[in-house]
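Below, each chain spelled out in residue letters.
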Amino acid sequence: MTTSIVTNHKATPIRHAIHSADVFSRRGKFSHLPCKLNVKQSVETVQLWAKIKNTRTTRTTAFATPHENDEGERSGSHACSDEQVFVPLENNYSSNDLDEEAAGSLPESGSGVFQMVEHSVNLASLLDKLKALHLHVLASEQWNASRLKLCHNNYVESAKNLIHYLALKCLDIEPLKDDLALISLLNLEMVNSSVLASLTTCIELLENLQLNSSRTGKDVSAGISTQGKLYHQKNGNFTINTMRMKACLNRELLLGPLQGSRCTHIMTTVGEEALESETLITDLIKAGTSIIRINCAHGSPESWSEIIRRVKRSSQMLEAPCRILMDLAGPKLRTDNLKPGPCVVKVSAKKNATGKVIFPAQVWLSHKGAGAPPPHLSPDAVLFIDDENFFTVVKVGDSLRFFDARGKKRMLKISRVFHVFSGTGFMAECTRTAYVSSGTELYIKRKKDRLPVGQVVDVPPRESSIRLRVGDLLIISRDSTCGEDNSYGHVSGAYRITCSSGYLFDAVKPGERIAFDDGKIWGVIKGTTSSEIVVSITHAGLRGTKLGSQKSINIPDSNIRFKGVTSKDLVDLEFVKSHADMVGVSFIRDTRDIIVLRQELEERKLQNLGIVLKIETKSGFEKLPLLLLEAMKSSNPLGVMIARGDLAVECGWERLADIQEEILSFCGAAHIPVIWATQVLESLVKSRVPTRAEITDVASGRKASCVMLNKGRHIVEAISTLDNILNSNSRQMKAEVKSLVPSSHLV
């Protein structure tokens, strides 16, 4: 929808009520905008033009600012239903999560400035358009008066500003933006955090310019000046600076205060792997982590408790505050666990193109009780030996001989020794590929000594997966016992996995697309029954792509009616109640999910628990303003997470950049902090080498209040890099740029 604003140049008194305004949408349908304005004062008459292609259809209405004693009339305005949007959400404009003030003053002798500006822009027409825009924004607030009354006192001003911003977004203001750009007065793309105050300031500056002009001897500022002064008298706390402070307060309430000179929080996801190292949590906090995230979809309350205990201990020891976010699993569709693979670990050296070993495989050897290797080491394999006495005779330079799972003779050569938390560990090198399983015996080869034998224990089972290629058939079964015997290969020409969620089998239809593992694999549904779905794979890697246990399933074409808060979520919420600072709500789709969550929190008296709405579906994105307004009805600290993995699959990769900018813009208008998540520095986390695109992505993440990293092998190094990028010294950068320009050229 594109709508232009025009006004008449005379103030017209009106005494009738406006009951509705019709706006023509892009699809040719009328959207009913409920409102009720009873006004008894002179106002500007405004016409909204609905523009479709090359024709314009006039839908005339009058917007008015209420009299100061009309509070009773305002409160009686038309009630908005939860699913009724007062302005269309579809538009082609995006704004940044930034502020722009119309600051500064014009010269007292503004005649020269006025003449120069008027030559480039019709100043009177520009002022009229701004006044009309101002009135439209005020009217939008009244249309939604009943909705605003339901918001908690902590969020009333922010909710009003969100509505002002949405009113601004529904109009075609491109010509107005161009005119304002010509006089360098205001950027309408950057006023989302304080819409009304920015418009009022801009209008007052233009009016002062007219008043101080030698060409104008009369007051042409009738209407809006009185209106603006009245507005400031009644809403003295609704200023640009106050709105900025409100945004900072909301961020601190949810995420905590920033430490030192940092500008952005860093959140890190941890799982049960954190329990294998006594120092990992401490290293994460030292590197810059200020929030630890635990995913309730994995692990158990026992492991969560131990992780939280270590976080609190390390936070207190380092005197570095660190909060806990626990994500409820929600109704997300995932593949079930595949049958465990064999308990064997592959040890393989790095070779060049001709097969020559260029770097031996690094193998960590220790007793089970000694714990994991130090975090600065990155071994290719970890082997635990049952006999602690075995390590009392091992020394650097020894060769450990063994037969691998295939019966091949292999050797490990001890290269280094380390004293770890509760014992001693050794780093060994292996130059030939070996498969080591539990029960493998190691013995020391020396000329004259008879030395004890150590046995390898507790080798974990290999992660199971199936490799899918384009053209393969995949059967998704409801019964978890059906696929255990054929998860590793073709049976009757098809692979088989299971998914225990009934939502999947009850909603999908043939012809719909389906994606696995955050879009790494795509397929088309060929047939369905009550217990099976047949999928033809249409997209995978050239050599196929592995699909393993607990990988995501997305069906972007299907309108699956999930239950917002599952029974598992309610059980986990009892644990969150006494252990976490924030709760993440997954797969939010509509306001009903928020209502159910609020009822559960009120029942448990959790008014201070932070709430993070995870936006990871198309429905959640399209209804984000309504979700925010619904969540603002409670006093809980509020935030939004851009879960970009599922969001990209649901909405399309090509739209992700625009969508995340829109979310930042909406949340900036509502003064709600945003968490930038999914695949941040993923290459660095996994392989220690970041891509250039990832570095640029992180720089864009500065617009958010928090950036989240997922767990990985090199997570500590990745956090340090992320901290340096997010909190780089801008003064130093400016000094470096300034040094490049000779001062003589600037004179």
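What you see is a predicted model, and the numbers here were worked out from it, not measured in a lab.

(A) Main features of the packing of helix H11 (residues 301-318) against helix H14 (residues 567-579). Remark: H11 packs on H14, axes separated minimally by 12 Å, with the N-to-C direction vectors making an angle of 15°. Overall, the two elements H11 and H14 adopt an arrangement that is roughly parallel. Here H11 and H14 pass one another in a crossing that is right-handed. Counted together, Pro301, Trp304, Ser305, Ile308 and Lys312 of H11 and Asp572, Phe575 and His579 of H14 form the full contact between these two elements. Here the contact of H11 with H14 is composed, by residue class, of four nonpolar, two polar and two charged.

(B) Summary view of the pairing of strand S16 (residues 423-430). Bridge count between strand S12 (residues 361-367) and S16: six bridges; the pairing is antiparallel. Bridged to Leu365 within S16 is Phe426. Across seven bridges, strand S15 (residues 409-420) lies against S16 in antiparallel orientation. Across the sheet, Val417 pairs through a bridge with Phe426, a residue of S16.

(C) Representation of the sheet that holds strand S18 (residues 441-444) within the structure. Overall, mixed pairing links the seven strands, which are arranged S12-S13-S19-S18-S14-S15-S16 in a closed barrel. Taking the axes of each pair of neighbouring strands and ignoring which way they run, one obtains an average angle of 35° across the sheet. Pairing analysis gives two bridges linking strand S14 (residues 399-403) to S18, with the strands arranged antiparallel. Bridge assignment links Leu400 to a residue of S18, and that residue is Ile444.

(D) Representation of the packing of helix H5 (residues 156-169) against helix H17 (residues 624-631) in the model. Packing of H5 against H17 brings their axes to within 10 Å, and their N-to-C directions diverge by 165°. As the angle between them shows, H5 and H17 are arranged roughly antiparallel. The two elements H5 and H17 cross, and the hand of that crossing is left-handed. Between H5, through Ala159, Leu162 and Leu166, and H17, the contact on the second element is made entirely by Pro625, Leu628 and Leu629. Across the contact of H5 with H17, the residue classes break down as six nonpolar, no polar and no charged.

(E) Region of interest: the packing of aromatic side chains. Tallied over the entire structure, the rule returns five aromatic pairs. Seen from their ring centres, Tyr165 and Phe666 are 6.3 Å apart, and the 75° between their planes marks the pair as edge-to-face. In this pair, Tyr165 is assigned in helix H5 and Phe666 in helix H19 (residues 656-669), connecting sequence segments 501 residues apart. Looking at Phe666, the relative accessible area reads 4%, which means it is buried. Pairwise contacts between aromatic rings join Phe390, Phe391 and Phe426 into one cluster.

(F) Structural view of the side chain of Thr269. The residue Thr269 is located in strand S6 (residues 265-269) in this model. Thr269 sits in the buried class, given a relative accessible area of 6%. Of note is the side chain of Thr269, whose polar atom sits 3.2 Å from the side chain of Asn710. Not counting chain neighbours up to four residues away, the residues in contact with Thr269 comprise Arg293, Met708, Leu709, Asn710 and Lys711.

(G) Highlighting the pattern of salt bridges. Scanning the entire structure with this criterion turns up 28 salt bridges. Between Glu278 and Arg310 there is a salt bridge; the shortest N-O distance is 3.3 Å. Here Glu278 is found in the loop between S6 and helix H10 (280-287), whereas its partner Arg310 is found in helix H11, with 32 residues between them in sequence. Residue Arg310 is classed as buried on the basis of its relative accessible area of 6%.

(H) Quick peek at the side chain of Ser314. Topologically, Ser314 is positioned in helix H11. Once you skip the residues sitting within four places of it in the chain, Ser314 turns out to touch Ile281, Thr282 and Ile285.

(I) Inspection of the nonpolar core at higher detail. Core analysis: the largest hydrophobic core is formed by 106 residues, its most contacted members being Met326 and Ile663. If sequence neighbours within four positions are ignored, Met326 has contacts with Ile294, Cys296, Trp304, Ile308, Phe575, Val576, Ala580, Met582, Val583 and Gly584. The next biggest cluster of nonpolar side chains, apart from the first, holds 25 residues, and it includes Cys499, Ile521, Ile537 and Ile560.

(J) Focus on unusual backbone geometry. We note that Thr678 has phi near 85°; this positive angle belongs to a residue other than glycine. Tracing the backbone through its elements, the reader meets Thr678 in the loop between strand S31 (674-677) and helix H20 (682-687). Taking the relative accessible area as the measure of exposure, Thr678 reaches 15% and is therefore buried. Even without being a glycine, Leu681 presents a positive backbone phi close to 50°. When you line up the elements, Leu681 lands in the loop between S31 and H20. Residue classification places Leu681 among the buried residues on the basis of a relative accessible area of 0%.

Reading guide: rules and limits
Residues numbered from 1 in each chain as written. Predicted model: local features only at pLDDT ≥ 70, side-chain atom pairs only at ≥ 80, totals over all residues. Heavy atoms only, no water. Axes fitted to C-alpha atoms, helices over the stretch in contact; angles between N-to-C directions. Helix = DSSP H or I, 4+ residues; strand = E, 2+ residues; numbered from the N terminus. Parallel < 35°, antiparallel > 145°, perpendicular 65-115°, else oblique. Left-handed = near helix turned anticlockwise from the far one by under 90°. Contact = heavy atoms within 4.5 Å. Nonpolar A, V, L, I, M, F, W, Y, C, P; charged D, E, K, R; others polar. Pairing = 2+ DSSP bridges. Phe/Tyr/Trp six-rings, centres within 6.5 Å; stacked < 30°, edge-to-face > 60°. Buried < 20%, exposed > 50% of the residue type's maximum accessible area, 1.4 Å probe, protein only. Polar contact = N/O pair within 3.5 Å; in protein donor to acceptor, adjacent residues only side chain to side chain. Salt bridge = Lys/Arg side-chain N within 4 Å of Asp/Glu carboxyl O. Core = buried A, V, L, I, M, F, W, Y, C linked by side-chain atoms within 4.5 Å.

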